Every structure is written in structure tokens, then in C-alpha cells.
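Structural features, examined
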Amino acid sequence: MSGKMRSCASCGKYTMKEKCSCGEATETCHPARFSFEDKYAKYRRKMKYGG
Ligand SMILES: [Zn+2]
């Protein structure tokens, strides 16, 4: 599973799609700008301990 986080310059939404739900084309962005990665890291850690 791999995907690059993209953001819409028009409405500011984050998506993995090349096109936003508003119809505007999205642009790739650095994951460090938001806590999306960190959020998933937390889940990964939980899964590790939970089995
Ligand atoms: Zn949009």
C-alpha cells in the first residue's frame, strides 16, 4: 500500500486522488506539514502490540 498525500489548492482538502472532490486538480505535498503520517504510526504501533 503506497500513496502520496496530495492537497487541493482550491479548497485545501487532503486527498490521495489526483483530482479533488471539488473537481480541482490536486498537488503533492510533504507529509511533514500535517500529522497524517503520525496518526497512522500510532495505529501501526497499536497493531504491533495487539497482534
Ligand atoms: Zn478541492
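Residues numbered from 1 in each chain as written. Predicted model: local features only at pLDDT ≥ 70, side-chain atom pairs only at ≥ 80, totals over all residues.

**Side note on the overall build of the protein chain**
Applicable threshold: Secondary structure is summarised from DSSP: a helix means a run of H or I of at least four residues, a strand means a run of E of at least two, and numbering begins at the N terminus for each. It is the C-beta atoms, placed from the backbone, that decide contacts: two residues are in contact if theirs lie within 7 Å.
Scanning the protein chain from terminus to terminus reveals one helix and three strands. Counting from the amino terminus, helix and strand elements in the protein chain follow one another as β-β-β-α. A fraction of 9% describes how many contacts in the protein chain between residues 6 or more apart in sequence connect residues 24 or more apart.

**Considering the sheet that holds strand E3 (residues 26-28)**
In plain terms, the rule: Pairing between two strands is assigned when DSSP locates at least 2 bridges connecting them.
Here three strands make up an open sheet; going across it, the order is E2-E1-E3 and the pairing antiparallel. On the outer flanks of this sheet lie strand E2 (14-15) and E3, each paired with one strand and no other. One ladder, built from two bridges, connects strand E1 (residues 6-8) with E2; its direction is antiparallel. Within the sheet, the bridge partner assigned to Arg6 lies in E2 and is Thr15.

**Some points on the environment of Cys22**
The cut-off we apply is this: Any residue with 12 or fewer other C-beta atoms within 10 Å of its own C-beta is exposed, any with 20 or more is buried, and the rest are partly exposed; the C-beta atoms used are placed from the backbone.
Positionally, Cys22 belongs in the loop between E2 and E3. You can call Cys22 exposed: it has 12 C-beta atoms within 10 Å. As a C-alpha pair, Cys22 and Ser10 span twelve residues in sequence and 8.2 Å in three-dimensional space.

**So, the environment of Glu27**
By the element assignment, Glu27 lies in strand E3. The exposed category is assigned to Glu27, around which 11 C-beta atoms lie within 10 Å. Taking the C-alpha atoms as reference points, Glu27 and Met16, separated by eleven residues in sequence, lie 9.6 Å from one another. When neighbours within four sequence positions are excluded, Glu27 is seen to be in contact with Arg6, Ser7 and Ala9.

**Things to note about the environment of Cys20**
Relative to the helices and strands, Cys20 is located in the loop between E2 and E3. Judged by C-beta crowding, with 20 C-beta atoms within 10 Å, Cys20 ranks as buried. Through-space distance from the C-alpha of Cys20 to that of Ala9 is 9.4 Å; in sequence the pair is eleven residues apart. Beyond its immediate chain neighbours, meaning those up to four positions away, Cys20 contacts Cys8, Ser10, Cys11, Lys13, Thr15 and Thr26.

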